[in-house]
Amino acid sequence: MNLILKVWRQDGADDEGRFETHQINGVSEDSSFLEMMDQLNEQLLEEGNEPILFDHDCREGVCGTCSLTINGFAHGPENSTTTCQLHMRKFSDGETITVEPFRARAFPVVRDLVVDRSAFDRITQAGGFITVRTGSAPDGNALPVPKDDSDKAMDAAACIGCGACVASCKNASAMLFTAAKAGHLNLLPQGQAEKDKRVLSMVSAMDKSGFGNCRNYGECSAACPKDISLDYIAKLNRDHVKAKIKKIFA
Amino acid sequence: MFTSSIGKKYLMALTGFVLIGFVFVHMAGNLQILMGPEKINAYAHALQSLPMPILWGSRIFLLVCVVLHAWTAIVLIRENRAARPRENDVEVTKRAGLSSLKMGLTGTILLFFIVFHLLHFTVRAVYPEYDDLMTTVGAPEGMEVHNVYSMVLAGFQHTWVSVFYVISMFLLCGHLGHGFSSVFQSLGIRSESWRNKIDWAAKGYAWLIFLGFSIVPILVIGQKFDLISFFEPSLFSEPLAMR
Ligand code: HEM
Ligand code: FES
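Residues numbered from 1 in each chain as written. Chains lettered and ligands numbered in written order. Predicted model: local features only at pLDDT ≥ 70, side-chain atom pairs only at ≥ 80, totals over all residues. Heavy atoms only, no water.

Enquirer: Report on the sheet that holds strand S4 (residues 73–74) of chain A, specifying residues and quantitative values.
Expert: Hydrogen bonds between backbone atoms are what pair the strands of a sheet, whose relative direction is either parallel or antiparallel. Residue and element names in this part refer to chain A. Taking strand neighbours across the sheet as the criterion, the 5 strands line up as S2-S1-S5-S3-S4 in an open arrangement whose pairing is mixed. Whereas interior strands pair on both sides, the edge strands pair on one side only; in this sheet they are strand S2 (18–24) and S4. Both strand S1 (residues 3–9) and S2 contribute to a ladder of 7 bridges, which runs antiparallel. Each bridged residue has a counterpart across the sheet, and for Val-7 the counterpart in S2 is Glu-20. Sitting on the sheet, helix H1 (residues 33–46) touches S1, S2, strand S3 (69–70) and strand S5 (96–100), and the angle it makes with S2 is about 90 degrees. (Pairing = 2+ DSSP bridges. Helix = DSSP H or I, 4+ residues; strand = E, 2+ residues; numbered from the N terminus. Contact = heavy atoms within 4.5 Å. Axes fitted to C-alpha atoms, helices over the stretch in contact; angles between N-to-C directions.)

Below you can see the structure in the form of structure tokens.
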């Protein structure tokens, strides 16, 4: 395949940034989007140019490191797919592909297509854990978990924290991520003890990081490579008001 | 309570919910105009004669809801613009419907509508002559009441007024099409199995409100241009002269 790539270049957080257009020929239909980017970078190096920086790690769709907004879609136009799992056969020969970083004030650009998603780490640090004494592993069957709850918790835990929800949201809201991380623990018996505190501190960490407010568009869930449902946002809203009310009467 | 991002959504949803309830009751009350002047005049008189604290209490409560709702909307939208200083160069929408994307626009026009509507039929500053319309029709023995029936017929015989009302009700329909279902999401009382049902209920409710409010100006304009004959011709032709 021969393609034209319109790629975002930015020298650092303070740089204005600009698009650069590159022609790339002989791309295999079977390569992934990131392999195509590798090929482009080799071409740039041969021409004596700076390669384009982008994030990646596992390239298996499980780590949540890859990003990119491709033709306006976070992780590209395929549903339930990360950029590393996106195949070039989904594009057509001769197509112009626009590649942008995940855009949000809370995700400042580090360089080119690499953005700083440590705001997500701050949300997780605020409450995405349970406090237990480590030691010998407890008996797996000692704590009964209803199947329905464990299924829902697992669906929430599928979140890989890639940030596509923020990038696809017209308000750069991190509600889907926060809802998945809080919901995962709030659904399980192990998470009950710290539930209220968790919800309040995670939402507060989210608000402090400069994300926008949810407006119930549903773009996040549509872009999520793990199809996290909007139900978790409804649950976060519910858990948040419960925690607030309990705090007032405490 | 209402300072966090979720708290603001709660405020939006709670005030929106009050307004949802209000528009339904208001619409149902208005529809009595289709049953003739006695009904609507008596109904309006009954509302006007509610004890002061109840009448003004409800009015102020509704106004506070509108102001809080609009104010929170402005805060939300400003914060959201700041949260995403640069749009994507290729901006696509995968799932969000037009009504959800245009909540701010439809809401702003509704705010203008609310102000105009109050000046038109409540304060009667747009056409001050509506103040002098008194009648014994629908009034208790030996009393005169305000002739709401004639005021509405006269009001909607101005084509531009009717057009503005119907357009506004269409925008309200759009606002509620998303707003009604959004309330459930914001308050956290929605789940995947209910999502579709609530979305349909929201659309149904929004269209019901549109039809219920628009039918009156549409009938009046229809009769003005001799397309239909719904209202008693003697009451219709010179509403301001009716006693
Ligand atoms: C006064 C003018 C109004 C303005 C400026 C306005 C603005 C808005 C905006 C921007 C939203 C979207 C909030 C979001 O998506 O996060 C919204 C939601 C809503 N509005 Fe309005 N609106 C107005 C009047 C009304 C009226 C008259 C009603 C009802 C009859 C209403 C009912 C609702 C409902 C139910 C919601 C959904 C709340 C939620 O997101 O949970 N609004 N409004
Ligand atoms: S690189 Fe790990 S999910 Fe894409």
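Enquirer: Explain the pattern of salt bridges to me, and be specific about the residues and the numbers.
Expert: Residue and element names in this part refer to chain A. Using the criterion set out here, one finds 25 salt bridges over all chains in the structure. Between Asp-148 and Lys-152 there is a salt bridge, with the nearest N and O atoms lying 3.7 Å from each other. Taken together, the positions of Asp-148 and Lys-152, both in helix H3 (residues 147–157) and 4 residues apart, correspond to about one turn of that helix. Owing to a relative accessible area of 47%, Asp-148 belongs among the partly exposed residues under this scheme. In this structure, Asp-196 engages Lys-246 in a salt bridge whose closest nitrogen and oxygen atoms are separated by 3.0 Å. Of this pair, Asp-196 sits in helix H6 (residues 195–208) while Lys-246 is found in helix H8 (residues 231–249), placing the two residues 50 residues apart along the sequence. On the basis of relative accessibility, which here comes to 23%, the residue Asp-196 falls in the partly exposed class. (Salt bridge = Lys/Arg side-chain N within 4 Å of Asp/Glu carboxyl O. Buried < 20%, exposed > 50% of the residue type's maximum accessible area, 1.4 Å probe, protein only.)

Enquirer: Outline helix H2 (residues 118–127) of chain A, supporting the account with residue identities and numerical values.
Expert: All names here are of chain A. Residues of H2 that are buried: Ala-119, Phe-120, Ile-123 and Gly-127. Viewed end-on, H2 has its buried residues packed into an arc of 105 degrees, placing them on one side of the element. Close packing links the buried residues of H2 with helix H4 (164–168), helix H5 (175–186) and H6. (Arc of directions from axis to C-beta.)

Enquirer: Go over the site of ligand 1 with me, naming the residues and quoting the values.
Expert: Around ligand 1 lies a shell of 27 residues, among which B:Lys9, B:His69, B:His175, B:Ser182 and B:Ser186 are the nearest. Of the chains in the model, those with residues near ligand 1 are chains A and B. Residue B:His69 places a side-chain N or O atom 2.7 Å away from a nitrogen atom belonging to ligand 1. For the shell around ligand 1, the secondary-structure elements that each account for two or more residues are helix H1 (5–30), helix H3 (52–83), helix H5 (103–122) and helix H7 (159–187) of chain B. Of the residues assigned to the shell around ligand 1, the class counts are 16 nonpolar, 9 polar and 2 charged. (Near = heavy atom within 4 Å. Polar contact = N/O pair within 3.5 Å; in protein donor to acceptor, adjacent residues only side chain to side chain. Nonpolar A, V, L, I, M, F, W, Y, C, P; charged D, E, K, R; others polar.)

Enquirer: Outline the interface of chain B and chain A, listing residues and values.
Expert: The interface is formed by 41 residues belonging to chain B together with 49 residues belonging to chain A. Of the roughly 3,800 Å² buried at the junction of chain B and chain A (both faces included), carbon and sulfur atoms supply 50%. Three residues stand out in chain B for area buried against chain A, namely B:Met1, B:Ile6 and B:Lys94, and they jointly supply 18% of the buried area on that side. Across the chain B-chain A interface, the total number found is 3 salt bridges. The partner of B:Glu91 in a salt bridge is A:Lys170, with the nearest N and O atoms 2.9 Å apart. On the surface where chain B and chain A come into contact, there are 26 residue pairs in polar contact (both at pLDDT 80 or more). Elements with a contribution of two residues or more to the side of chain B that touches chain A: H1, H3, helix H4 (98–101), H5, H7 and helix H8 (192–224) of chain B. Across the side of chain B that touches chain A, the residue classes tally to 14 nonpolar, 14 polar and 13 charged. (Buried area = accessible area lost by both parts, 1.4 Å probe.)

Enquirer: Give me unusual backbone geometry: which residues, what numbers.
Expert: Even without being glycine, A:Asp112 reaches a positive phi, approximately 45 degrees. Along the polypeptide, A:Asp112 turns up in the loop between strand S6 (109–111) and strand S7 (114–115). You will see that B:Arg124, though not glycine, has its phi angle at about 55 degrees, which is positive. Within the secondary structure, B:Arg124 sits in the loop between H5 and strand S1 (134–135). Relative accessible area serves as the criterion here: at 15%, B:Arg124 is assigned to the buried category.

Enquirer: Any details on the side chain of A:Asn216? Residues and values, ideally.
Expert: Along the chain, the position of A:Asn216 falls in the loop between H6 and helix H7 (219–223). One polar contact links A:Asn216 to B:Ser182, side chain to side chain, over a distance of 2.6 Å. Here A:Asn216 is in contact with B:Lys9, B:His178, B:Ser182, B:Gln185 and B:Ser186, once residues within four sequence places are set aside.

Enquirer: Describe the packing of aromatic side chains, naming the residues involved and giving the relevant values.
Expert: Per the stated rule, a full pass over the model turns up 25 aromatic pairs over all chains. Relative to A:Phe177, the ring of A:Phe120 has its centre 3.7 Å away and its plane inclined at 5 degrees; by these criteria the two rings are stacked. Here the residue A:Phe120 occupies a position in helix H2, and A:Phe177 occupies one in helix H5, the gap between them amounting to 57 residues. Residue A:Phe120 is classed as buried on the basis of its relative accessible area, which comes to 3%. The exposure class assigned to A:Phe177 is buried, which follows from its relative accessible area of 3%. Look at B:Phe121 and B:Tyr130: their rings are 6.5 Å apart centre to centre, the planes differ by 40 degrees, and that puts the pair in the tilted class. Classification of B:Tyr130 as buried rests on a relative accessible area of 1%. Over the aromatic face of A:Trp8 sits the side chain of A:Arg103, whose NZ or CZ is 4.3 Å from the ring centroid. Over the ring of B:Trp200 we find B:Lys203, and its NZ or CZ is 5.3 Å from the ring centre. (Phe/Tyr/Trp six-rings, centres within 6.5 Å; stacked < 30°, edge-to-face > 60°. Lys NZ or Arg CZ within 6 Å of the ring centre and 35° of its normal.)

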